[in-house]
Amino acid sequence: LEANLLDHLSNRLSFSKLDAEKAVQKVVDSGWGATSSSGENKGNQDNRNSSKRAMDYLSLAMDWLCLHLTEEELVKGFQKNVHYKPSSSNNTDGSMTNIKAVAHPSISVVRPDDDWIVSSSRQLGFIRLGFHQSEITDACKANPAPSSAVTALDDYTTLTCLLSMIEAEVCKEMNHHQEQLSSSEVDQMNSADQEFS
């Protein structure tokens, strides 16, 4: 298995022999790709376990290479080796014969639409002013974005909406607090307010 993995990394792909050996050695030494095999695994089950273990080792070795090599070494290493000629000695157990590189779409390839970018940057401007995300979402839904790009401080309609939300919350809390106070406590607070003014 180790020989097949080393062959795959350094001969089928183009990683240097030294880098491939390091990766294989780290994976094997750590036991990361080890799978338990019980006495019940026979025949076809053993082949599947061997193939799965080979894929696990290959995946972990490639992960190790990605973490420890430079970008240039990775680009060169992941290129298919044009001089590679498979031989029967390279695949004694057949565990590495079905390995194929499969391209996966990158999340960085997908570009968000312009509406989302404008909406997010608009909301971020209000977050920087200290407003809560849920309040911002409600206010931005209620007030369309200005036709020209403006800062959060210049978006008067949305800013007014946010401030009125805060005012309503404060008034609600004050009313709730006053309902819990006795009339003598309210009178004391009123006289203290008048005295202060």
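Use the structure listed above.
**Let's talk about the overall build of the protein**
The number of helices and strands found in the protein is eight helices and zero strands. Ordered by position from N to C terminus, the α and β elements of the protein give α-α-α-α-α-α-α-α. With 197 residues in all, the protein has 26% of them scored as buried. Of the contacts formed within the protein by residues at least 6 apart in sequence, a portion of 66% connects residues at least 24 apart. Here the protein has roughly 14300 Å² of accessible surface; of this, 55% comes from carbon and sulfur atoms.

**As for the packing of aromatic side chains**
Tallying each qualifying case throughout the model produces two aromatic pairs. Ring plane angle 80° and centroid distance 5.0 Å describe the contact between F15 and F78, whose orientation is recorded as edge-to-face. Remark: F78 occurs in the loop between helix 4 (71-77) and helix 5 (114-128) and F15 occurs in the loop between helix 1 (2-12) and helix 2 (17-30); sequence separation between them is 63 residues. Owing to a relative accessible area of 37%, F78 belongs among the partly exposed residues under this scheme. With a centroid separation of 6.5 Å and an interplanar angle of 70°, the aromatic rings of F126 and F131 are classed as edge-to-face. For F126, a relative accessible area of 1% corresponds to the buried category.

**Observations regarding the packing of helix 1 against helix 2**
Two elements in contact, helix 1 and helix 2, have axes separated by 9 Å at closest approach and are oriented at 140°. Here helix 1 and helix 2 pass one another in a crossing that is right-handed. Contacts between helix 1 and helix 2 involve E2, L5, L6, L9 and S10 from the first element and K17, A20, E21, V24 and V28 from the second. For the contact of helix 1 with helix 2, the per-class residue count stands at six nonpolar, one polar and three charged.

**A look at helix 6 (residues 133-142)**
Taken together, the buried positions of helix 6 are occupied by E135, I136, A139 and C140. Along the axis of helix 6, the buried positions cluster into a sector of 125°, meaning they face one direction only. For helix 6, the exposed residues set more than 90 degrees away from the buried face come down to K141 and A142.

Cut-offs and rules
- Residues numbered from 1 in each chain as written.
- Predicted model: local features only at pLDDT ≥ 70, side-chain atom pairs only at ≥ 80, totals over all residues.
- Heavy atoms only, no water.
- Helix = DSSP H or I, 4+ residues; strand = E, 2+ residues; numbered from the N terminus.
- Buried < 20%, exposed > 50% of the residue type's maximum accessible area, 1.4 Å probe, protein only.
- Contact = heavy atoms within 4.5 Å.
- Areas by Shrake-Rupley, 256 points an atom, 1.4 Å probe, with all protein chains shown as cover.
- Phe/Tyr/Trp six-rings, centres within 6.5 Å; stacked < 30°, edge-to-face > 60°.
- Axes fitted to C-alpha atoms, helices over the stretch in contact; angles between N-to-C directions.
- Left-handed = near helix turned anticlockwise from the far one by under 90°.
- Nonpolar A, V, L, I, M, F, W, Y, C, P; charged D, E, K, R; others polar.
- Arc of directions from axis to C-beta.

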